[in-house]
Amino acid sequence: MNYVEWLRVRNLLRIVAIVLAILVVLAVALRISVARYMSPDTWVHESMSRPGVKVSHTTLPDGTPRTILNDPAESTYAIIDDHGYAGKHIVITEPSSKAHKENTHVSIGSIEVKESRNGAMTTTVIDTNGAVPMLYYMMLADFVALIVATVLAAPLAREADGHLEVTLTKPVPRARYALGAIGADVVGIVAASFLTVLALYFCQVLFESARLDFTGINSRAILMGLACPLAWYAMLCAATTLLHRSYIWVLVFTPAIAIVVGALTLITPTSVVALFIHDVAWVISRLDPLAYVSVPQPDEHGQLDYNGSSFFLRLSLQVLFFVVYSALAIWKWQRVEA
Amino acid sequence: MSTITISNLRKLYGRIPAVDGFSLEIPSASVFGLLGPNGAGKTTTFKCMLGLARPTGGEILYDGKRLVPETFERIAYIPERSVLYDWMTVEEHVEMMRRAFRSFDAARAFELLATFDIDKRRRARALSKGMRTAVMVALAFARNAEILVLDEPTGGLDPVNQRHVLSLMINEAAKGNSVVFSSHQIGQVERAAEHIAVMDHGRLVMQGVVDDLKADRKIVEGVFPDVSFTLDGITSDARVARADRTERIVRLLVTGGADEIAARLSSAGAHGVRVLDLNLEDIFLYAVSPATATTDVVAKDISS
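Residues numbered from 1 in each chain as written. Chains lettered and ligands numbered in written order. Predicted model: local features only at pLDDT ≥ 70, side-chain atom pairs only at ≥ 80, totals over all residues.

1. Section: the overall build of chain A
Of the regular secondary structure elements, chain A holds 10 helices and 11 strands. A compact globule built from 338 residues should have a C-alpha radius of gyration of about 20 Å, whereas chain A, at 27 Å, is more than 25% larger. Along the first, second and third principal axes, the C-alpha set of chain A runs to 85 × 55 × 35 Å. A burial count over chain A gives 29% of its 338 residues as buried. Excluding contacts between residues fewer than 6 apart, the proportion of contacts in chain A whose partners are at least 24 apart in sequence is 68%. (Helix = DSSP H or I, 4+ residues; strand = E, 2+ residues; numbered from the N terminus. Rg over C-alpha atoms; globule rule 2.2 N^0.38 Å. Buried ≥ 20, exposed ≤ 12 C-beta atoms within 10 Å, placed from the backbone. Contact = placed C-beta atoms within 7 Å.)

2. Structural notes on the packing of helix α3 (residues 106–115) of chain B against helix α4 (residues 129–141) of chain B
Residue and element names in this part refer to chain B. In contact at an axis separation of 8 Å, α3 and α4 are set at 150° when each is read in the N-to-C sense. One way to sum up the angle between α3 and α4 is to call them roughly antiparallel. Considering only the axes of α3 and α4, their crossing is right-handed. On the side of α3, the interface is formed by A109, L112 and L113, while α4 contributes V135, A138, L139 and F141. (Axes fitted to C-alpha atoms, helices over the stretch in contact; angles between N-to-C directions. Parallel < 35°, antiparallel > 145°, perpendicular 65-115°, else oblique. Left-handed = near helix turned anticlockwise from the far one by under 90°.)

3. Thoughts on the pairing of strand β8 (residues 178–182) of chain B
Residues in a regular strand project their side chains so that they alternate between the two faces of the sheet. All names here are of chain B. Taken across its five residues, β8 has five buried, putting it largely inside the fold. Relative to β8, strand β3 (residues 31–35) is paired through four bridges, and the arrangement is parallel. Counted as the bridge partner of F32 is V180 from β8. The pairing of strand β7 (residues 147–151) with β8 spans five bridges and is parallel. Of the residues in β8, the one forming a bridge with D151 is S182. In this fold, β7 hands off to helix α5 (residues 159–174), which returns the chain to β8; that crossover is right-handed. (Pairing = 2+ DSSP bridges. Right-handed = clockwise from strand over helix to strand, strands pointing away.)

4. Let's talk about the environment of A:T240
All names here are of chain A. By secondary structure assignment, the location of T240 is in helix α7 (residues 217–240). Here T240 falls in the buried class, since 26 other C-beta atoms lie within 10 Å of it. Residues T240 and F322, 82 residues apart in the sequence, show an inter-C-alpha distance of 15 Å. The contact partners of T240, leaving out residues within four places of it in the chain, are A153, A154, A157, Y247 and V250.

5. Let's talk about the nonpolar core
Of all hydrophobic cores here, the largest spans 150 residues; its most connected members are A:Y233, A:A234, A:C237, B:A138 and B:V149. With 16 residues, the single largest contributor to this core is α7(A). Membership of the second largest hydrophobic core comes to seven residues, among which are A:V44, A:I90, A:I92 and A:I111. (Core = buried A, V, L, I, M, F, W, Y, C linked by C-beta atoms within 7 Å.)

6. Considerations on the interface of chain B and chain A
Each side of the interface is counted separately: chain B has 22 residues, and chain A has 17 residues. Taken together, the elements giving at least two residues each to the side of chain B that touches chain A come down to β6 (75–78) and α2 (90–100) of chain B. In terms of residues, the side of chain B that touches chain A owes the most to one element, α2(B), which gives five residues. In terms of residue class, the side of chain B that touches chain A is made up of 14 nonpolar, one polar and seven charged. (Nonpolar A, V, L, I, M, F, W, Y, C, P; charged D, E, K, R; others polar.)

7. A few points about the packing of helix α3 (residues 134–152) of chain A against helix α6 (residues 174–207) of chain A
Residue and element names in this part refer to chain A. Where α3 contacts α6, the axes come no closer than 8 Å and their chain directions differ by 150°. As for how α3 packs across α6, the hand of that crossing is right-handed. Of the residues in α6, those touching α3 at Y137, L140, A141, V144, A145, V148, A149 and L152 are D185, G188, I189, A192, S193, T196, V197 and L200. In terms of residue class, the contact of α3 with α6 is built from 12 nonpolar, three polar and one charged.

8. Digging into the sheet that holds strand β5 (residues 65–66) of chain B
Residues and elements named next belong to chain B. Across the sheet, which stays open at both edges, the four strands sit in the order β2-β1-β4-β5 with antiparallel pairing between neighbours. This sheet does not close on itself; its edge strands, each paired only once, are β2 (16–26) and β5. Note: strand β1 (residues 4–13) against β2, eight bridges, orientation antiparallel. Bridge pairing in β2 links I4 to I26.

9. Observations concerning the sheet that holds strand β3 (residues 76–82) of chain A
Residues and elements named next belong to chain A. Pairing is antiparallel across the open sheet formed by seven strands, whose spatial order is β1-β2-β3-β4-β7-β6-β5. Each of the sheet's edge strands pairs with one partner strand only, and the pair in question is β1 (54–59) and β5 (104–108). Within the sheet, the average angular offset between the axes of one strand and its neighbour, ignoring direction, is 15°.

10. Comments concerning α7(A)
The terminal C-alpha atoms of α7(A), which comprises 24 residues, lie 34 Å apart, in line with the 34 Å expected from a rise of 1.5 Å per residue. Here α7(A) lies mainly inside the structure; 21 of its 24 residues are buried. (Expected span 1.5 Å × (residues − 1).)

11. Describing the pairing of strand β4 (residues 88–95) of chain A
Residues and elements named next belong to chain A. In the sheet, β3 pairs with β4 via six bridges, with the strands oriented antiparallel. Bridge pairing in β4 links D81 to H89. Counted between consecutive antiparallel strands, the loop separating β3 from β4 contains five residues, among which G84 sits at a positive phi close to 65°. Pairing geometry for β4 and strand β7 (residues 121–127), over seven bridges, is antiparallel. Its bridge partner lying in β7, T93 is registered against T123.

12. Quick notes on the environment of A:I222
Residues and elements named next belong to chain A. Considering the arrangement of structural elements, one finds I222 in helix α7. A tally of 19 C-beta atoms within 10 Å means that I222 is categorised as partly exposed. For the pair I222 and V280, spaced 58 residues apart in the sequence, the C-alpha separation amounts to 31 Å. The contacts of I222, once residues within four sequence positions are left out, are M134 and M138.

What follows is the structure in structure tokens.
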């Protein structure tokens, strides 16, 4: 019954797939161009083959193979513990140079680099193939899903725009038709999110063995990353159901309005006018699912986390928004006339 | 075999009545033509029949039952304007219908599309107005529906394809299905329809079997020697539905007793009195157009 909506979803997913494929192609090109420099493994192999470098191999009591490199000419000493799929733990001690900075800590994808300068010598600790938080994946996936949700978000208005004579003369109750259309779009939004995660994963494995962390904040990010675009979609769907051609303007301007309203809620109420604007914006923003998405903040241990106590409330609100706005859209759809 | 009963249908847009107390019985196994000038309420009537517009009052029954979503399995509809999805191919439209209706015959649809010389791989946006109509006709007639509601089904089609659509309609009626259609081309209605109804300003102004309407209604025309004449006793006859007088010429639309009234007109002093047959266009125009004469006009309800 919702063949047309499935076609719309398919066409949009095709575009998403093309954009993601371009991203992957760019990643492949980058991988090829930096093949010589990128991997710590490459550095290890190059160091081992340098003349004068002494290489010794041992096995730690837990079975971990250890390689020790000693380069007297460069006064460089390196210990490499190979933990297999869990990556390598590399400790390099070498003379300090201008490139070395005091106590730096850098994470690039799954690679973590800690550098500590101690007078004339600098110790660099490199951990490869660490678990990559799904949070990072979901941030981009959420962005793509929100775009897809916005584009798809007027399935009923699109029918009202010149196709009601086809849509409403099918042997199916209006509510069931609307539910089917919304269902098709939900599948499309989730699929766009999944495709993005898949593309990012593929990009990552071009450079390293990818290990994804689904625990803690990451599982929360997945839940919020799925719920928020769906709630946003349902809001736009409800807003556009009774519109015909003008639904396009709603889809175009609502994201901008949401940003403006969100920004106005950040106004410091230093005057009566500012207080008024702030309060009005705050009330309006309560209807917007995006207002309930919080950016993870570092906790006292420096780990990223959502505000734990309110996360499930925010998630529940997203689900509630999706249900209520969808029901509102279906209710309005029952009243549409050709 | 389906009968459609419309009882006292009313549809207001704001305070303006688009359909105003319209009642009609559409018999099964026939081609039924709904005629009326622009804005008469034909399309609104169709929309109310199909639940696309909510009637302000009245009732529409299909074989005595109200319209429910399942009824659409039995009804095919061609709207007045193109409702095809511009971005979809013709083939995808066929697939859409196949998925929506159990009785849809995709092979028949492709056969009809081939008859209209439509390439199924083309997107709707690339089709001309006539081709779009042809696609909608093909989709409707492949439905194997018991009731076909066709709003201007030949709009934009060339004469050859117009005739083909009329043949399809007549074939459907021969198979026992009901075809209700509207058209501004009265020649088409006359060719295809057995029954007609004429609407004007949202009201039914005439209905009946086409042949009966033509047999019953005649024009009695006479010319008087000068402009000062009277029609006393003639225009008050119940069989005179309408009298138009222009200068010395008088034209009477009569619903019976044409020869007797012609004789009375001769007795009143008219010469060259003759009785004329009406075609459907004449009947339609008399039903919906205001009286044209300048004086002594008696305009009566032609449906009486």
